[in-house]
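Single-letter residue listing:
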There are 2 protein chains.
Amino acid sequence: MGMDYSRVRDWILREDCFDPLRLGKCESVMSLGNGYLGLRSATEERYLRETRGMFVAGTFNKFDENEVTELPNAADMTAMELTIDGEPFDLTVGTMEEYTRELNIRTGELVRRVLWISPAGRRIRFASYRTVSLKNLHEIAQRVEITPLSGDVTVSVRSGIDATVTNTGSQHFSEGDKRFYDKKAIQFVLRTTQSGIDFVQTTQHRLAVDGRVQEQDAQVYIERREIFAGYEVKVRQDECFALEKYSSVYTTRDFDAAGRTTAELQEAGLTACREMETQGYAGILADSAAQWEAEVWGRTPICIEGNAQAELNQFAVRFAQYHMRIMVPAQDNRMNIGAKGLSGEGYKGHCFWDTEIFLLPYYSFTAPEIARRLEEYRYLSLPGAHAKAAHNGYRGAMFPWESAWLDDGEVTPEYCDVDILTGKPVKVWSGILEQHITSDVAFGAWQYAAITGDEDFMDQYGYELIFDTAIFWASRLEAGEDGCYHINDVVGPDEFREHVNDNAFTNYMAKWNMEKALEYYELLKTEKPEIFAELNEKLQLDAACEAWQDGCAHIFLPQPTAENVLPQDDRCLRCRAIDLTKDQQQEHLGGIQRD
Amino acid sequence: MGMDYSRVRDWILREDCFDPLRLGKCESVMSLGNGYLGLRSATEERYLRETRGMFVAGTFNKFDENEVTELPNAADMTAMELTIDGEPFDLTVGTMEEYTRELNIRTGELVRRVLWISPAGRRIRFASYRTVSLKNLHEIAQRVEITPLSGDVTVSVRSGIDATVTNTGSQHFSEGDKRFYDKKAIQFVLRTTQSGIDFVQTTQHRLAVDGRVQEQDAQVYIERREIFAGYEVKVRQDECFALEKYSSVYTTRDFDAAGRTTAELQEAGLTACREMETQGYAGILADSAAQWEAEVWGRTPICIEGNAQAELNQFAVRFAQYHMRIMVPAQDNRMNIGAKGLSGEGYKGHCFWDTEIFLLPYYSFTAPEIARRLEEYRYLSLPGAHAKAAHNGYRGAMFPWESAWLDDGEVTPEYCDVDILTGKPVKVWSGILEQHITSDVAFGAWQYAAITGDEDFMDQYGYELIFDTAIFWASRLEAGEDGCYHINDVVGPDEFREHVNDNAFTNYMAKWNMEKALEYYELLKTEKPEIFAELNEKLQLDAACEAWQDGCAHIFLPQPTAENVLPQDDRCLRCRAIDLTKDQQQEHLGGIQRD
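Along each chain, residues carry numbers from 1 onward, in the same order as the chain's sequence is written. Each chain takes a letter, starting from A, and each ligand takes a number, starting from 1, following the order in which they are written. In keeping with the predicted nature of the model, local features appear solely for residues at pLDDT of at least 70, side-chain atom pairs appear and are counted solely at 80 or more, and the whole-chain, interface and lining totals rest on all residues. The basis for the side-chain values is all heavy atoms of the structure; hydrogens and waters are excluded.

**Q** Now, about the overall build of chain A: what can you tell me, with residues and values included?
**A** Secondary structure is summarised from DSSP: a helix means a run of H or I of at least four residues, a strand means a run of E of at least two, and numbering begins at the N terminus for each. Secondary structure assignment for chain A yields 13 helices and 23 strands. As a reference, a globule follows 2.2 Å times the number of residues to the power 0.38, and the radius of gyration itself is taken over C-alpha atoms. A compact globule built from 595 residues should have a C-alpha radius of gyration of about 25 Å, and chain A, at 27 Å, falls within 12% of that. With the principal axes as the frame, chain A shows a C-alpha extent of 85 × 55 × 55 Å. Think of it in three bands: residues with accessible area under 20% of the maximum for their type are buried, residues over 50% are exposed, and the middle band is partly exposed, with areas taken using a 1.4 Å probe on protein chains only. Going through the 595 residues of chain A one by one, you find that 59% of them count as buried. Asp and Glu count as negative and Lys and Arg as positive, but His and the ends of the chain are not part of the count. Note that the charge is assigned to NZ on lysines, CZ on arginines, CG on aspartates and CD on glutamates. Averaging the positions of the 61 positive and the 97 negative side-chain charges in chain A gives two centres separated by 5 Å.

Structural data, given as structure tokens:
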């Protein structure tokens, strides 16, 4: 039951049992994407507990003043209402004789195969195929096949664009133009309510029976926030009815939208769908698979050989590579990687320290141009980091724990769960106190350059990032009565401990940051005097240098105990009694983690 | 299948077959309410195609600049996730051996009784009871009973407040305070995004097994826009597990909220739920039923006697009386009756000519204090009517075809369906052209006073309404080359004909309106000189009087043909060829009618 690893040799992750109570897992794990857009793998037919989601990188919007900016859930283009002789195709009723859902990570294709007996006893062979193109980032292609095995049937289809979807109830879009072109293409323009980004979504269908294309004017249905095409086709027993759906997404925030009007994007959307129809599903998939080969598998053929476990390990690494590609906005340095990628609304599309600490090394080694863009994003978001430092009474660049728009600064939500004892909402402290993010960013910039040798990056962005963050740390240190500098009242990487003093990771990294700044101060002064002069004027490096020396000399660094344990903060080895229980931790995690 | 009239003698409308593809019908037809709030009868357990809805009269909000103001769909308090030994209670799976859903219109109670065999074979007797109190307008009471017939079971319940609901995707609420009191009561404050009305929604539960109350701290779940209590109870075979849920709704727009802060309403909400628990479901229902008897059935015992059909006719009249009571905001003259009552989001809660032409006579004859408030609403909304007249270049009061807030003026949406041929949205002309609403309002005021003899109403509001609307008509007339006045380019009561000239209903009613003004001009001058003086100064009646005389004398009135047919407009008997086909009409209706 559940995940099946029998086909990992073929790069395929399989689900062998459909569970309508746990739809979120495969929607996320098998999600499709290309770094520009991400698509949860919700099924064509709708279910009560589904979470449909499509997200376009960097299109942040804020629902109201009480909420933080987040990636909006774009209008759905994948759902189809499929009715066979009046019976809706619905796997929660009737009988399933065969069922598999497979994600092919090599080609980026999602395939479902079902043999279903309807409640009225109709035997139906069903298959669906879907891909998000890595070749043309705006395109989604679907194919659905229905073969009646126990008699002739009439298949009805209702498929289009559904903008009633929300981010768990928060609606980020205003309805714009709804159009129906040539009794075929459907187009919906929607604008984000606060950030004013136009989404142009277009879709059209092709119907065939046993390969014979069925030319048929669509019946159009338009309702509030919805526009659909309806088709009805008679299919004889053992014939295969195939519906292909070609969809495109363009936004005025796109990497390639500069200077293009919404009307031009509408034209581009229509053209894309027409061209997709000309090419057909198989052609679109082949092109995208070739792009996967060129861009990822051929370029980064990580191989694991060895024991019986090797095949699974090999797949696990490739699965990570797959998700590392679909989540990264490789095309655009104005955005970064969300903590949940583009696979759902969890973490609101915000980027965290995960980028530098967990993800960046892979890109630095395998796709340095992508790694560079991720760090350019940090440089471009310095205005937000300066604002956050100033707001908190510090100097330099204090990076936001959660980051969205370049100039947003901190976007961590203020409250999360409710406290069981008091009944009041629990404050989220990481936005204010999880300050190690600032040295993590500096570390990422340094590490990228160390791996790639990209001296141009350091000259343009890296040195400045490291100086500016070190300036923050010098201003952040608190002089203690013991003659040392302390960093009090923080959250370290262990987020279950709030308001701790002298967190080991935080203090060591702060010192590293200032040391690195000192090192580069000397280096630039002697070897790159022009850059030095420019940054010295911008950041007053000479004055900062003294503060760094002082800070590095006197910062308190927790030392290992006699048992060689480095306490993570000043309370760590004294307070086991008040540690959260495992259950409490799970509960806490439950509130912030999402399928 | 479907509706069953076998119990109409007991005032009961019954559904005898559950159809998950057509949930909207019973949700609407069997909806509950009290004029302050309306609750669609969506089931406790959720289904894919359900439309959950709860609306509080007069709490209009506007989602964005492109949308018109509408009644927002308030957070749901009726849904419950019921799980029996891990199996969700879900009537789309397993087997149903018995099923009825009944609305008792005498008591305002909704009851479902089901004998269900779960997919794993558990026999479960299920019943649910629900009422919206007519005694205390803020209260909703529910009771659910689960009796396992084939062995002991563990029942899990997850029930609370769900603010992820929308108006077909448009979200009208910002999240406010979410609280959990005494491990029992749940409270959610939500504010409408544009009109700034606070909704305070509170709920709490009581559990019992075979009458033995189960004291149990709730497990609380809080998620985005949701707050739930969780319970788990072991129930032996043939024991009856009963869950009662007591919910209250208060808003800062309430008829009785003047001067009360949101914090005070929060306290009121908690108190109401505590008192409901003390009283219990049966007591709340009994009090509400007594109110129905006192306010409606005892006061207006419309009786139909006679042939075999009489019983059904009797029920039909009472069914109308039931809905006439649950849809009317009897408590508040700042609001009116929505075209779909409070039973759904169709027509956006706006009031139309339906109030005066179809509904008012019933209230005037049976509950004149309610009728008077409905017409006071029109008087209070004169500022909007003046603004509409001025905007269109006319004088006096030009009432909005669709009306919401008192000062909104016209709130008819500008576009509805898409034109199949051009692919472009179709403009809704009734807001601009369906001008007969203005004389309909005058007619309603006159008719109310004629039925009730309420001279105080006429003195305070009625005469002014009739004068002000007559002033509009005089300014609206267009002098033709034939020496007559015409009213061109309108929509009459037949909305399938747009841009017609000299619509019979419009022209005759305009003349009636001016004649009535002339009559009252003379009357007041002689019999109520003080009121005359006041209105003459306010409205320049002397000048208006001349225009009315001129208008009445020369307005074009379509005359019956030789066959004694009164053509509804100047194209009516000339243009059958371009009439819409029946199918086109159906299609048109499909776009605006809702379950």
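**Q** Let's hear about the relation of the copies chain A and chain B: which residues, and what values?
**A** Least-squares superposition aligns the copies on the C-alpha atoms of those residues with pLDDT at or above 70 in both. Least-squares fitting of chain A to chain B yields an RMSD of 0.0 Å, with the transformation described by 0.0 Å of translation along the axis and a rotation of 180 degrees. Here the copies are linked by what is in effect a two-fold axis. Minimal C-alpha distance to the rotation axis in chain A is attained by L48(A), lying at 2.3 Å. Of all interface residues in chain A, 100% are interface residues in chain B too; the two copies therefore contact each other through one and the same surface. The contact criterion used is simple: two residues touch if any of their non-hydrogen atoms lie within 4.5 Å.

**Q** So what's going on with the sheet that holds strand 7 (residues 87-88) of chain B? Which residues, and what values?
**A** Residues and elements named next belong to chain B. Two strands qualify as a pair provided DSSP detects at least 2 bridges between them. Spatially, 7-6-12-18-17 is the arrangement adopted by the five strands of the open sheet, whose pairing is antiparallel. Strands at the two margins of the open sheet, each flanked by one partner only, are strand 7 and strand 17 (219-223). Judged from the ten bridges that link them, strand 12 (residues 153-162) and strand 18 (residues 226-235) form a sheet pairing that is antiparallel. Bridging across to strand 18, V157 finds its partner in Y231.

**Q** Quick one: what's the story with the interface of chain A and chain B, residue by residue and with numbers?
**A** The interface of chain A with chain B comprises 42 residues on the first partner and 43 residues on the second. Here the quantity called buried area is the accessible surface, traced with a 1.4 Å probe, that two parts lose on coming together, added over both. Between chain A and chain B lies a buried interface of about 3,600 Å² when both sides are counted; carbon and sulfur atoms form 53% of it. Considering only the side of chain A, the residues that lose the most area to chain B are L48(A), I222(A) and R224(A), jointly responsible for 19% of the buried surface there. Here, a salt bridge means any side-chain nitrogen of Lys or Arg that lies within 4 Å of a carboxyl oxygen of Asp or Glu. Remark: the boundary between chain A and chain B carries eight salt bridges. By the criterion applied in these results, polar contacts are pairs of N or O atoms within 3.5 Å in which, for protein atoms, one can donate a hydrogen and the other can accept it, and in which residues neighboring in sequence qualify only through two side-chain atoms. Put simply, chain A and chain B have 16 residue pairs in polar contact (both at pLDDT 80 or more) between them. When residues of the side of chain A that touches chain B are traced back to their parent elements, those giving at least two are strand 13 (173-181), strand 17 (219-223) and strand 20 (415-418) of chain A. Any residue that is not Ala, Val, Leu, Ile, Met, Phe, Trp, Tyr, Cys, Pro, Asp, Glu, Lys or Arg is counted as polar, Gly included; the first ten are nonpolar and the last four charged. Along the lines of polarity and charge, the residues of the side of chain A that touches chain B split into 13 nonpolar, 14 polar and 15 charged.

**Q** Quick rundown of the side chain of K528(A)? Include the residues and the values.
**A** Residues and elements named next belong to chain A. Mapped onto the elements, K528 comes out in the loop between helix 10 (504-527) and helix 11 (529-539). In this structure the side chain of K528 is engaged in a polar contact, spanning 2.6 Å, whose partner is the side chain of D459. Sequence-distant contacts of K528, that is, excluding residues within four places in its chain, are made with E455, D459, Y463 and L523.

**Q** Can you explain helix 12 (residues 541-554) of chain A? Please cite residues and give values.
**A** Residue and element names in this part refer to chain A. A helix is expected to reach a length of 1.5 Å times the quantity of its residues less one. Helix length check: helix 12, at 14 residues, gives a terminal C-alpha distance of 20 Å against a target of 20 Å (1.5 Å per residue), a fit within 8%. For helix 12, every residue scored as buried is listed here: L541, A544, C545, W548, G551 and C552. Seen end-on, helix 12 carries its buried residues on one side only, within an arc spanning 135 degrees. Facing away from the buried side of helix 12, by more than 90 degrees, are the exposed residues A543, E546 and A553. In this fold, the buried residues of helix 12 make contact with helix 9 (455-476), strand 23 (485-486), helix 10 and helix 11. Our arc is simply the arc of the directions from the helix axis toward the C-beta atoms.

**Q** A description of the pattern of salt bridges should follow, citing residues and the corresponding values.
**A** Pairs can form between side chains of opposite charge once their charged atoms are near each other. Residue and element names in this part refer to chain B. Counted according to the given criterion, the structure contains 99 salt bridges over all chains. Ionic pairing is found between R372 and D454, a salt bridge with its closest N-O pair at 3.1 Å. You can see R372 sitting in helix 5 (residues 368-380) and its partner D454 sitting in the loop between helix 8 (437-452) and helix 9 (455-476), a full 82 residues away along the chain. Judged by relative accessible area, R372 falls into the buried class, the value being 15%.

**Q** Break down the packing of aromatic side chains for me, with residues and values.
**A** By convention, a stacked pair of Phe, Tyr or Trp rings (six-membered ring in the case of Trp) has centres within 6.5 Å and planes under 30 degrees apart, an edge-to-face pair has planes over 60 apart, and any other such pair is tilted. What the rule picks out here adds up to 58 aromatic pairs over all chains. Summarising the aromatic geometry, the rings of F18(B) and Y99(B) are spaced 5.8 Å apart at their centres and angled 55 degrees between planes, so their arrangement reads as tilted. Note that F18(B) is positioned in the loop between strand 2 (12-15) and helix 1 (24-29) and Y99(B) in strand 8 (residues 95-104), a separation of 81 residues in sequence. We classify F18(B) as buried; its relative accessible area is 9%. Here the aromatic residues Y347(A), F352(A), W353(A), F358(A), W401(A) and F505(A) are joined through ring pairs into a cluster of three or more. A ring is scored as having a charge over it whenever the NZ atom of a lysine or the CZ atom of an arginine sits within 6 Å of its centre and within 35 degrees of its normal. Here R318(A) stacks its cationic end above the ring of W11(A), 3.7 Å away from the centre of that ring.

**Q** Account for the sheet that holds strand 5 (residues 54-56) of chain A, with residues named and values stated.
**A** One open sheet holds the three strands; their spatial order is 3-4-5 (chain A), and the pairing between them is antiparallel. Edge strands, defined here as strands with exactly one partner in the open sheet, are strand 3 (32-33) and strand 5 of chain A.

**Q** How would you summarise the packing of helix 8 of chain B against helix 9 of chain B if you had to cite specific residues and measurements?
**A** Residues and elements named next belong to chain B. At their nearest, the axes of helix 8 and helix 9 sit 9 Å apart, and the two run at 155 degrees to each other. For the element pair helix 8 / helix 9, the angle class is roughly antiparallel. Relative to helix 9, helix 8 is oriented so that their crossing is left-handed. Of the residues in helix 9, those in contact with T438, S439, V441, A442, A445, W446, Y448 and A449 of helix 8 are F457, M458, L465, I466, T469, F472 and W473. Classifying every residue of the contact of helix 8 with helix 9 gives twelve nonpolar, three polar and no charged. Here an axis means a line fitted to C-alpha atoms, over the contact stretch when the element is a helix, while the angle between two N-to-C directions is reported on a 0 to 180 degree scale. Oblique is the label for every angle not falling under 35 degrees (roughly parallel), over 145 degrees (roughly antiparallel), or within 65 to 115 degrees (roughly perpendicular). Should the near helix be turned anticlockwise from the far one by less than a right angle, the crossing is left-handed, and should it be turned clockwise, the crossing is right-handed.

**Q** Explain the pairing of strand 13 of chain A to me, using residue names and the numbers behind them.
**A** All names here are of chain A. The element strand 13 is largely enclosed, with a buried count of seven among its nine residues. Pairing geometry for strand 13 and strand 14 (residues 185-192), over seven bridges, is antiparallel. If you follow Y181 over to strand 14, its bridge partner there is A185.

**Q** Give a description of the confidence of the model for chain A that names residues and reports values.
**A** All names here are of chain A. What pLDDT expresses is the predictor's confidence in each residue, scored from 0 to 100. Predicted confidence across chain A gives a mean pLDDT of 94, with 95% of residues reaching 70 or more. Counting contacts from residues 575-580, a segment whose pLDDT is below 50, to residues more than four positions away or on other chains yields four contacts. Contacts from residues 585-593, a stretch scored under 50 in pLDDT, to residues over four places away or in other chains number ten contacts.

**Q** Lay out unusual backbone geometry with the relevant residues and their values.
**A** We note that H499(A) has phi near 60 degrees; this positive angle belongs to a residue other than glycine. You can see H499(A) is positioned in the loop between strand 23 and helix 10. For H499(A), a relative accessible area of 33% translates into the label partly exposed. Notably, W11(B) is not glycine yet its phi reads approximately 65 degrees, a positive angle. Positionally, W11(B) belongs in the loop between strand 1 (3-4) and strand 2.

**Q** An account of the state of the cysteines is requested, with residue identities and associated values reported.
**A** All names here are of chain B. Put simply, a disulfide is two cysteine sulfurs that come within 2.5 Å. Evaluated as defined, the whole model comprises zero disulfides over all chains. For the unlinked cysteine C552, the closest cysteine sulfur is that of C545, found at 9.7 Å. The class of C552 is buried, set by a relative accessible area of 13%.

**Q** Can you lay out the packing of helix 9 of chain A against helix 12 of chain A for me, pointing to particular residues and giving the numbers?
**A** All names here are of chain A. One can describe the packing of helix 9 onto helix 12 by two numbers: an axis separation of 10 Å at closest approach and a directional angle of 50 degrees. Classed by the angle they form, the pair helix 9 and helix 12 counts as oblique. Our pair here, helix 9 against helix 12, has a crossing hand that is left-handed. Within the contact between the two elements, helix 9 uses F467, A470, I471 and A474 and helix 12 uses L541, A544, A547 and W548. Considering only residue class, the contact of helix 9 with helix 12 consists of eight nonpolar, no polar and no charged.

**Q** Any chance you could break down the environment of I451(A) for me, citing the residues and the numbers?
**A** Residue and element names in this part refer to chain A. As for its position among the elements, I451 is in helix 8 (residues 437-452). With relative accessibility at 27%, the residue I451 sits in the partly exposed group. For I451 and P361, which are 90 residues apart along the polypeptide, the C-alpha to C-alpha distance reads 8.2 Å. Each residue touching I451, except ones within four places of it in the same chain, is listed here: P361, S364 and F365.

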